[in-house]
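Chains, contacts and geometry: an overview
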Amino acid sequence: MPLVLAIALGIILAFIALPFLGPILMIAIAIGVIILLFYSVVTSGVMLGAIFKGASDIAKNPEVQKKVAKTKNAAKDIAEKAAENTKVRKAFIAVVAVFVVGFVGITGFREYHSYADVKENAECVIDWIMQESEWTGDAADEKNKEKFAAVKNESYFKSHLHTAIEEAAEVSFYNETLMLTGADGEKRESEYSFSPTEIVERLNLLEYENEAIKTTLSDYWKQYGDLMHQMTGTPLERAQRLESFIETLKKANEAAGDFYQIDREEVYSTADAEAFYTDAIDFYIKAEDKDSLVKILHYATNSATGGKVSLDSKKIISLLTNEKDEIATLQKGIGGYYDKEDSVYAYGDFYYKQGEEKQYSEMTDTWTSLLTGEKVEGNSSKTMRTPDVTAFRGKEIDLDLSNVVDQEFHFAYCQPDGQFIFVSKKEILVVSSDQMNQEKGEDSAYSVKGDFYRVYAEMKEAYLKGPEGKEAKTEDQA
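The present account deals with the structure reproduced in this document. (Residues numbered from 1 in each chain as written. Predicted model: local features only at pLDDT ≥ 70, side-chain atom pairs only at ≥ 80, totals over all residues. Heavy atoms only, no water.)

A few words now on the packing of helix α12 (residues 290-301) against helix α13 (residues 313-320). Contact pair α12 / α13: the axes reach a minimum separation of 10 Å and the direction vectors enclose 150 degrees. It follows that α12 is roughly antiparallel to α13 by the angle criterion. α12 and α13 meet at a crossing whose hand is left-handed. Taking contact as the criterion, the partners of Lys290, Leu293, Val294 and Leu297 in α12 are, on α13, Ile316, Leu319 and Leu320. (Axes fitted to C-alpha atoms, helices over the stretch in contact; angles between N-to-C directions. Helix = DSSP H or I, 4+ residues; strand = E, 2+ residues; numbered from the N terminus. Parallel < 35°, antiparallel > 145°, perpendicular 65-115°, else oblique. Left-handed = near helix turned anticlockwise from the far one by under 90°. Contact = heavy atoms within 4.5 Å.)

For the structure shown, the criterion picks out 8 salt bridges. As a salt-bridge pair, lysine 314 and glutamate 458 come within 3.1 Å of each other at their nearest N and O atoms. Remark: glutamate 458 occurs in helix α16 (residues 453-465) and lysine 314 occurs in helix α13; sequence separation between them is 144 residues. For glutamate 458, a relative accessible area of 39% translates into the label partly exposed. We note a salt bridge from lysine 465 to glutamate 461, for which the minimum N-O separation is 3.2 Å. Of this pair, lysine 465 and glutamate 461 both sit in helix α16, 4 residues apart, roughly one helical turn. (Salt bridge = Lys/Arg side-chain N within 4 Å of Asp/Glu carboxyl O. Buried < 20%, exposed > 50% of the residue type's maximum accessible area, 1.4 Å probe, protein only.)

Let us look at the packing of aromatic side chains. Within the structure shown, the criterion is met by 22 aromatic pairs. Between phenylalanine 157 and tyrosine 208 the ring centres are 5.5 Å apart and the planes differ by 65 degrees, which places this aromatic pair in the edge-to-face class. With phenylalanine 157 in helix α6 (residues 155-181) and tyrosine 208 in the loop between α7 (196-205) and α8 (211-228), this pair connects stretches of sequence that are 51 residues apart. For the residue pair phenylalanine 157 and tyrosine 208, the accessibility class agrees, reading buried in each case. Ring pairs connect the aromatic residues Phe173, Phe194, Tyr220, Trp221, Tyr224 and Phe245, which therefore count as one cluster. Arginine 188 extends its terminal NZ or CZ atom over the ring of tyrosine 174, reaching a point 3.7 Å from the ring centre. Sitting over the ring of phenylalanine 259, lysine 214 keeps its end group 4.7 Å from the ring centre. (Phe/Tyr/Trp six-rings, centres within 6.5 Å; stacked < 30°, edge-to-face > 60°. Lys NZ or Arg CZ within 6 Å of the ring centre and 35° of its normal.)

With their axes 10 Å apart at the nearest point, α6 and α8 run at an angle of 5 degrees to one another. As judged from the angle between their axes, α6 and α8 are roughly parallel. Counted together, Leu161, His162, Ile165, Glu166, Ala169, Ser172, Phe173, Glu176, Thr177, Leu180 and Thr181 of α6 and Ala212, Ile213, Thr216, Leu217, Tyr220, Gln223, Tyr224, Leu227 and Met228 of α8 form the full contact between these two elements. Residue composition of the contact of α6 with α8, by class: 12 nonpolar, 6 polar and 2 charged. (Nonpolar A, V, L, I, M, F, W, Y, C, P; charged D, E, K, R; others polar.)

Glancing now at α12. The end-to-end C-alpha distance of α12 is 16 Å, a good match for the 16 Å that 12 residues give at a rise of 1.5 Å each. Within α12, 9 of the 12 residues are buried, which leaves the element mostly enclosed by the surrounding structure. Residues of α12 that are buried include every one of Ser292, Leu293, Val294, Lys295, Ile296, Leu297, Tyr299, Ala300 and Thr301, and no others. Looking at the buried positions of α12, the neighbouring elements they touch are α9 (235-256), α11 (270-287), α13, β10 (427-431) and β11 (445-449). Structurally, the start of α12 carries an N-cap: the backbone nitrogen of aspartate 291 is 3.4 Å from a side-chain oxygen of aspartate 289. (Expected span 1.5 Å × (residues − 1). Polar contact = N/O pair within 3.5 Å; in protein donor to acceptor, adjacent residues only side chain to side chain.)

Purely geometric numbers; function is a separate question.
The following block contains the structure:
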């Protein structure tokens, strides 16, 4: 009976363990089954020995000697049959042992190859999810989708993907903390870089939802949001980093689908953004730094958090302009310098003609003359583009008006240093000359959004009443 139980137990344990354990442990189970079988054989032999020993002691009793004599031949026959039965039993056990070990070995070999396939496919998919590359829908991408379908329910894939994301997020956050707070420490490295937008995009594309991964991503964003309050540097530097962070989170949410969405208010609230920008604006007002004030107003009024600034539009204009600033117009037909010219390039006091492109198929004399001529740019593809022409009241200026012409920026403050503040009803655009931008190494224009309707109306009235305006055409203007 113990022998049968041992065999059954060994086989059951082998079947249970095979799907979960590696080849080494499966071999150990097979050896364990052999030991159990051997132990059962030895135990059976001991039991038989005990039985024969007990029979010998009884046979020495005089009272039973006669009975033993009578049954001697019968006992001999029984002993021979018992011996034969023992041989049969041992043979049977050996056969069963060989069968079990063979079955375990074959199954283990098969499971090992199956495990290796799962591991290879899972690692390919994890690499694909973690790498920064765009989905193109080509054969390689489709192949990875097939591999994902084969492993998406495997424990190896689930655990290793989560571990990869968790480790990359942890290392990335640690390095960002060093950079943003100026803390001492050496940067760490991980197997994968952390690109949350690309990761959630791939997960959403695969329609793979995992609570552990969602928790890891959520914790990362919340920790990063807290880090935004600990940044060092000037208010302008901090604003740039904050907006970059908020924009990254926005892009990640656009790619994430419903399951991996992150509530931005829980990460960095609108109220926090408004408080930050209020302090930053006050800082530059007190410092009387107009250039930095323009930029911080740009970030504040265009912030992805959607917060409002603490200044009204008239206060903003008063901080950015001077009494000596002239008022000019881009609106046609109200007395501007170029109104007398019948040209599509005339915009009130401004004249703007965008450069044209033309491609030449051969190295002709025209191409050669263009290359050697003035105000012409050429390249290896034989494409020529003439530069923009910009003039203000008869004088050519190096100003890019591509963002304001044909828009609703009808009036502008003209400042002595070559800077212009163009005004519409909902926005102002601070534009500097190309020369100024080259000296500062900065962008050419900064927009500040807000309700500038009253400012717009007052500028219009002042222009029409001034020496350049025409009272008679006031009623014709919008």
